[in-house]
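# Residue-level structural notes
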Number of protein chains: 2
Amino acid sequence: MANKIAPLSAAMEDYLKAIYLVRGSAAAATTMVLAATLGVSAASVTNMIKKLAVLKLVRHAPYHGVELTPAGEKIALEIVRHHRLLEAFLHDALGLPWDEVHGEAHKLEHVLSDNLEDHIAEYLGDPSVDPHGDPIPTKAGVVVTSAQHTLAELAPGARAVIVRVGAQDPAHLRYLRELGLVPQARLVVLACAPFGGPVRVRVRTRQVALDEPLARQIWVNVARKK
Amino acid sequence: MANKIAPLSAAMEDYLKAIYLVRGSAAAATTMVLAATLGVSAASVTNMIKKLAVLKLVRHAPYHGVELTPAGEKIALEIVRHHRLLEAFLHDALGLPWDEVHGEAHKLEHVLSDNLEDHIAEYLGDPSVDPHGDPIPTKAGVVVTSAQHTLAELAPGARAVIVRVGAQDPAHLRYLRELGLVPQARLVVLACAPFGGPVRVRVRTRQVALDEPLARQIWVNVARKK
DNA sequence: ACCGAAATTTAGTCATGGCTAAATTATATA
DNA sequence: TATATAATTTAGCCATGACTAAATTTCGGT
Ligand SMILES: [Mn+2]
Ligand SMILES: [Mn+2]
Ligand SMILES: [Mn+2]
Ligand SMILES: [Mn+2]
């Protein structure tokens with residue numbers, strides 16, 4: 001008597017996750033944006049969106065965007081949890097560098113059973129963030145985000161702790177890792193040029209200059225005045 | 001100028017692995033056997049075999065069996081290595097019971113990168129066997145098998161060490177685990193009925209009776225005379 | 001040597017998830 | 001407000017890997 005629960009394909013899961021992430025960044029989940037995010041053609045996106053709409057996982061306003069239904073968001077959150085839990089596991093347990101975990105997790109996330117997910121979560125002590133500082137949704141689907149500011153918004157003299165690094169590109173991640181610009185790192189803003197100029201910060205004993213696009217990917221919590 | 005290396009699909013990998021395992025048990029890799037092993041129709045097997053033959057991964061004698069070419073065996077061994085390494089990791093690192101690791105590994109094996117494979121092998125200290133005692137092929141494709149006898153072949157009074165448990169069925173595996181009949185366990189044969197009758201053995205302090213089909217799945221090394 | 005059963009292959013179909021090219025709709029600009 | 005451009009959808013195609021049903025081949029028994 002229960003619902004026919006056809007298991008979703010990896011492709012469907014990737015679409016739902018992409019919609020969730022795009023919407024989470026305040027952008028509209030348009031056909032083009034999803035096509036770019038997923039690396040497929042716009043026609044493919046339209047095609048899949050129609051299937052997901054039939055399954056009541058998204059609401060589709062043709063020629064406008066797409067929204068996740070509660071059922072769709074639930075699944076998206078499961079996949080995001082898989083992904084970030086796997087990133088944490090690969091990084092913390094197996095020592096993969098943080099620029100490599102995303103690609104591996106992207107493949108593993110669709111193949112992770114509930115049972116294995118639980119074992120991994122327990123092994124890690126139920127972590128709340130992944131190696132990039134992205135929040136790991138709980139099993140119940142609760143997401144806790146903390147950072148309010150990016151490095152690009154801080155004034156000279158500000159002290160802050162890195163909470164999340166939004167950069168995805170492996171080369172950028174390796175570069176930031178080398179500079180010590182990782183979650184938990186404390187830093188002081190030395191100077192920042194106006195109108196999108198570079199930001200100069202001190203991390204530990206090192207001084208670093210970051211151009212504005214990169215600085216806007218680094219989310220921080222401002223430390224209380226000393 | 002290098003070969004076009006089209007990556008194989010998970011389905012192709014499963015077929016190659018199945019052919020390798022069937023051949024390894026001395027049986028002919030016929031269409032029917034492969035269909036039963038893989039849980040697909042005979043027509044599907046014929047279909048895939050033809051594709052693999054085009055790729056020079058198998059040699060197909062129509063209406064007779066199929067054989068792996070050296071190239072096909074190389075890939076099969078990689079997948080078997082993935083599978084068993086993953087079983088060992090899930091069991092030893094994450095504490096999954098030995099009757100659950102097979103199903104998980106079957107999904108993960110196709111999605112394991114070379115890099116991650118190396119990290120897992122290093123984490124485990126390059127294990128030579130999986131939780132069932134099946135040999136893990138080396139990266140170079142070397143397989144070391146040791147057991148020569150099964151429990152069903154031993155005479156009363158024989159002392160032996162379990163090397164490998166060939167049973168696949170989760171219920172059987174749970175039962176054997178409960179009895180302590182796992183790799184490394186030492187046992188003494190107390191009695192064995194002729195003509196396929198049950199075998200009585202002592203493991204630790206417990207006495208156990210096993211019917212012959214199950215006893216033939218338990219591979220042992222006979223201990224030297226005391 | 002033949003015949004029938006079993007195994008295998010062939011033929012034709014379907015679902016999935018890509019793609020390109022063409023048609024359609026929305027929107028920004030003049 | 002009309003129109004050019006951009007975004008989106010539609011239409012039609014392809015590869016993969018399943019399936020069933022029908023044809024074909026092999027092989028054991030007489
Ligand atoms: Mn994915
Ligand atoms: Mn991440
Ligand atoms: Mn498999
Ligand atoms: Mn095994």
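Throughout what follows, the structure given in this document is the object of discussion. Keep in mind that what you see is a predicted model, and the values were worked out from it rather than measured.

The secondary structure content of chain A amounts to eight helices and eight strands. Relative to a compact globule of 226 residues, whose C-alpha radius of gyration would be 17 Å, chain A shows 19 Å and is just as compact. By residue count, 43% of the 226 residues in chain A fall in the buried class. Pairs at least 24 residues apart make up 60% of the contacts formed inside chain A by residues separated by at least 6 positions. When the accessible surface of chain A is summed, it comes to about 12,400 Å², and 56% of that surface belongs to carbon and sulfur atoms. With 25 positive and 23 negative side-chain charges, chain A shows a spacing of 7 Å between the two charge centroids.

To continue, consider the packing of helix α4 (residues 70-92) of chain A against helix α5 (residues 101-108) of chain A. Residue and element names in this part refer to chain A. Taken N-terminus to C-terminus, the directions of α4 and α5 make an angle of 130°; their axes are 9 Å apart at the nearest point. If you check the angle between α4 and α5, you find them oblique. Like other packed secondary-structure pairs, α4 and α5 cross with a definite hand, here right-handed. Across from His 83, Leu 86, Glu 87, Leu 90 and His 91 in α4, the residues of α5 making contact are Val 101, His 102, Glu 104, Ala 105, His 106 and Leu 108. Taken together, the residues of the contact of α4 with α5 break down into five nonpolar, four polar and two charged.

Taken together, 22 residues lie around DNA strand C, and Ser 9 and Ser 44 of chain A together with Met 32, Lys 50 and His 60 of chain B are the ones closest in. When the atoms of DNA strand C within 4 Å of the protein are grouped by moiety, sugar and phosphate amount to 79% of the total. One of the side-chain N or O atoms of Tyr 63 of chain A is found 3.4 Å from a sugar or linking oxygen in DNA strand C. Backbone polar atom of Tyr 63 of chain B to a phosphate oxygen of DNA strand C: 3.0 Å apart, as the coordinates give it. Elements with a minimum of two residues in the surface near DNA strand C: α1 (10-24) and α3 (42-54) of chain A together with α2 (31-38) and α3 (42-54) of chain B.

Moving on, we get to the protein's contact with DNA strand D. In the vicinity of DNA strand D there are 22 residues, among which Met 32 and His 60 of chain A together with Ser 9, Ser 41 and Ser 44 of chain B approach most closely. The share of sugar and phosphate among atoms of DNA strand D within 4 Å of the protein is 80%. Separating a phosphate oxygen of DNA strand D from a side-chain N or O atom of Lys 50 of chain A is a distance of 2.7 Å. In this structure, Ser 41 of chain B approaches DNA strand D through a main-chain N or O atom, which is 2.7 Å from a phosphate oxygen. Mapped by element, the contributors of at least two residues to the surface near DNA strand D are α2 (31-38) and α3 of chain A together with α1 (10-24) and α3 of chain B. Residues of the surface near DNA strand D, tallied by class, amount to 11 nonpolar, nine polar and two charged.

Residues and elements named next belong to chain B. For the manganese ion (ligand 4), the full set of protein donor atoms is Glu 87 (OE), Asp 130 (OD) and His 132 (ND1), at a range of 2.1 to 2.3 Å. In primary sequence terms, the donor set of the manganese ion (ligand 4) follows E-x42-D-x1-H. By relative accessible area, which is 6% here, Asp 130 ends up buried.

Attention now goes to the interface of chain A and chain B. Tallying the contact residues gives 17 residues for chain A and 17 residues for chain B. Three residues stand out in chain A for area buried against chain B, namely Leu 94, Val 111 and Leu 116 of chain A, and they jointly supply 34% of the buried area on that side. The interface formed by chain A and chain B holds zero salt bridges in total. There are seven residue pairs in polar contact (both at pLDDT 80 or more) connecting chain A and chain B. Put simply, the parts of the chain that give the side of chain A that touches chain B at least two residues each are α4, α5 and α6 (114-124) of chain A.

This part is about the relation of the copies chain A and chain B. The two copies are related by a screw operation: chain A maps onto chain B through 180° of rotation and 0.0 Å of translation along the axis, at an RMSD of 0.0 Å. Read as a symmetry element, the transformation amounts to a two-fold axis. Closest approach to the rotation axis within chain A is made by the C-alpha atom of Leu 108 of chain A, at a distance of 3.5 Å. When the interface residues of chain A are mapped onto chain B, 100% of them again lie at the interface, so the same face is used by both copies.

This part is about the packing of aromatic side chains. Residues and elements named next belong to chain A. Applying the stated rule across the entire model yields three aromatic pairs over all chains. Relative to Tyr 123, the ring of Phe 89 lies with its centre 5.4 Å away and its plane at 75°, an arrangement referred to as edge-to-face. Of the two residues, Phe 89 is situated in helix α4 and Tyr 123 in helix α6; the sequence distance between them amounts to 34 residues. Taking the relative accessible area as the measure of exposure, Tyr 123 reaches 36% and is therefore partly exposed.

All names here are of chain B. Reading across the sheet, the six strands line up as β3-β8-β4-β5-β6-β7 and stay open at both edges, with antiparallel pairing between neighbours. Each edge of the sheet is formed by a strand with only one pairing partner; in this case those strands are β3 (149-150) and β7 (206-210). Sheet analysis places strand β4 (residues 159-165) next to strand β8 (residues 218-222), joined by five bridges and oriented antiparallel. Residue Arg 164 lies in a different strand from β8, and its bridge partner there is Trp 219.

In this structure the tally under the stated criterion is one cavity of 30 Å³ or more. Around the largest cavity sit 16 residues that line it, and Leu 86, Phe 89 and Leu 108 of chain A together with Phe 89 and Leu 108 of chain B are the ones nearest its centre. Mapped by element, the contributors of at least two residues to the lining of the largest cavity are α4 and α6 of chain A together with α4 (70-92) and α6 (114-124) of chain B. Considering only residue class, the lining of the largest cavity consists of 16 nonpolar, no polar and no charged.

The rules behind these values
- Residues numbered from 1 in each chain as written.
- Chains lettered and ligands numbered in written order.
- Predicted model: local features only at pLDDT ≥ 70, side-chain atom pairs only at ≥ 80, totals over all residues.
- Heavy atoms only, no water.
- Helix = DSSP H or I, 4+ residues; strand = E, 2+ residues; numbered from the N terminus.
- Rg over C-alpha atoms; globule rule 2.2 N^0.38 Å.
- Buried < 20%, exposed > 50% of the residue type's maximum accessible area, 1.4 Å probe, protein only.
- Contact = heavy atoms within 4.5 Å.
- Areas by Shrake-Rupley, 256 points an atom, 1.4 Å probe, with all protein chains shown as cover.
- Lys, Arg positive; Asp, Glu negative; His and termini not counted.
- Charge placed at Lys NZ, Arg CZ, Asp CG, Glu CD.
- Axes fitted to C-alpha atoms, helices over the stretch in contact; angles between N-to-C directions.
- Parallel < 35°, antiparallel > 145°, perpendicular 65-115°, else oblique.
- Left-handed = near helix turned anticlockwise from the far one by under 90°.
- Nonpolar A, V, L, I, M, F, W, Y, C, P; charged D, E, K, R; others polar.
- Near = heavy atom within 4 Å.
- Polar contact = N/O pair within 3.5 Å; in protein donor to acceptor, adjacent residues only side chain to side chain.
- Donors = N, O, S within 2.8 Å, 3.2 Å for Na, K, Ca; no water.
- Buried area = accessible area lost by both parts, 1.4 Å probe.
- Salt bridge = Lys/Arg side-chain N within 4 Å of Asp/Glu carboxyl O.
- Least-squares fit on C-alpha atoms with pLDDT ≥ 70 in both.
- Phe/Tyr/Trp six-rings, centres within 6.5 Å; stacked < 30°, edge-to-face > 60°.
- Pairing = 2+ DSSP bridges.
- 1 Å grid on protein atoms, 1.4 Å probe; cavity = no way out; pocket = protein on both sides within 12 Å on 5 of 7 lines; lining within 4 Å.
- Points joined across faces, edges and corners; volume = space filled by probe spheres on them.

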